[in-house]
Structures are given as structure tokens and as C-alpha cells.
Amino acid sequence: IFVWSGTVMAGKFEKANTFTGSSVSSLTLGSIFSADYNFYNVYIRGGMTGVSDIAAERPKLKVLTAAGAEFSTGIYDFTSFELNGSSITDNNANADQDNSILNILATGGNTFSAHLKVFNPLSTTFYKYIWAACIGSGGYNKVGTMVKSQVAAGGLKIEIAGNTFDEIHAAVYGIKHT
């Protein structure tokens, strides 16, 4: 039985926000995590014309603070893994996100879509977990990351350094379990 609690219905995913951009090198999903929800589904899709392998452009997903700054070295520890075809890449470090968290695509093609599940993003003592399933026109990729940080996560940013997305869209859904 779902019970209306005034602002958020327990047990049902609700659309929290949408984001879109064109001819941009990044898309910031700012202030998406709040006390209203504790589990999130984030859907992202985008593409680039003029490239034959969007994965070679290395689009990355980064975790942001509530103020919108990227998590910096020294405030988080992480472990991540990437399943790409038959290989597994493990990382475990306290490092710059440019070299670490959630490189999201398999090789080939110029479009992608991703489904991220985010658990416990506001915790400052427990691990936040981000799981992603991504498919590009060149293949399928799965990535998982656990992040333990001294600050709560406020949002996410997807970026592609040195190039631009022709278009990129994101939708964020949240659910509150009480």
C-alpha cells in the first residue's frame, strides 16, 4: 500500500528532474540528490557526429558536491570496476576523477545511452553506490563504483574533454524507502 506523505509517495519512483544540452562538452545534473529520496535511477542518452568511436573520446561521469564542485582528491576513497567484453578492469585509489570514476562506454559507434542506479548519495559516513549499464552503437558496457566520501553527493556531471556532444539528455527519478 502506498501512502501519500505530503510531497513524496513512498515506494514509487517519481521524476525528479530532466536536463538537456546541445553542442556542449558537459552536462551537469546539479542538486539532484536530496532528503526527498534515497534511491535514484538516472537515464542519460547522447551522441556525437563526426566521430567513429565515442568511447575513444572517453566520456566520463563525475560525482559533484552539493555546491556543484567535483569531488576532489582527498575527500573520497573509491573502488570501481568495468566489465567490457571479456575483460575486467579494477581500480582502487584516492585519485582525480579524470582518471577514475565511471568511464562509461565500450568501443565503437557515436551514440550511447546509460542507466545509472544511485544508492545512498547523501551519506558522509557510508558508501554511496553507483551502478551503470551503458550501451553505445559500438557495444555494451557495465560499470560499478562505490564511493565513500566525507561530504554528501549533490549531483553528477557527464563530460567529454576536448570535444562536444551534439546532444545529450538526462532524466532523474527518485524513490523514498522509509
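> Help me understand unusual backbone geometry in this model?
For residues besides glycine, phi is generally negative; the peptide bonds are generally trans as well. Residue serine 31 is not a glycine yet carries a positive backbone phi of 50°. Inspection of the secondary structure puts serine 31 in the loop between strand 2 (26-29) and strand 3 (39-47). One non-glycine residue with positive phi stands out, namely asparagine 120, at about 65°. Assignment of secondary structure puts asparagine 120 in the loop between strand 7 (111-119) and strand 8 (128-136).

> Explain the pattern of salt bridges to me, please; I cannot follow it from the model alone.
Pairing is possible between side chains of opposite charge, provided their charged atoms come close. All told, the structure shown has 5 salt bridges when counted by the stated rule. Across the pair glutamate 70 and lysine 157 runs a salt bridge, and its minimum N-O distance is 2.8 Å. With glutamate 70 in the loop between strand 4 (60-65) and strand 5 (76-84) and lysine 157 in strand 10 (residues 153-159), this pair connects stretches of sequence that are 87 residues apart. Exposure remark for glutamate 70: the relative accessible area of 30% places this residue in the partly exposed category. The exposure class of lysine 157 is buried, given its relative accessible area of 14%.

> Looking at this model, I keep getting lost on the packing of aromatic side chains. Mind explaining?
For any two aromatic rings, the description comes down to two numbers: the centre-to-centre distance and the angle of the planes. All told, the structure shown has 5 aromatic pairs when counted by the stated rule. Ring centres 5.4 Å apart and planes at 75° place the aromatic pair phenylalanine 39 and phenylalanine 119 in the edge-to-face group. Of this pair, phenylalanine 39 sits in strand 3 while phenylalanine 119 is found in strand 7, placing the two residues 80 residues apart along the sequence. Using a relative accessible area of 27% as the deciding quantity, one classes phenylalanine 39 as partly exposed. On the basis of relative accessible area, phenylalanine 119 is assigned to the partly exposed category, the value being 29%. On the numbers, 6.0 Å between centres and 50° between planes, the contact of phenylalanine 112 with phenylalanine 165 is tilted. Highlighted residues: phenylalanine 112 in strand 7 and phenylalanine 165 in strand 11 (residues 165-175), separated in sequence by 53 residues.

Cut-offs and rules
- Residues numbered from 1 in each chain as written.
- Predicted model: local features only at pLDDT ≥ 70, side-chain atom pairs only at ≥ 80, totals over all residues.
- Heavy atoms only, no water.
- Helix = DSSP H or I, 4+ residues; strand = E, 2+ residues; numbered from the N terminus.
- Salt bridge = Lys/Arg side-chain N within 4 Å of Asp/Glu carboxyl O.
- Buried < 20%, exposed > 50% of the residue type's maximum accessible area, 1.4 Å probe, protein only.
- Phe/Tyr/Trp six-rings, centres within 6.5 Å; stacked < 30°, edge-to-face > 60°.

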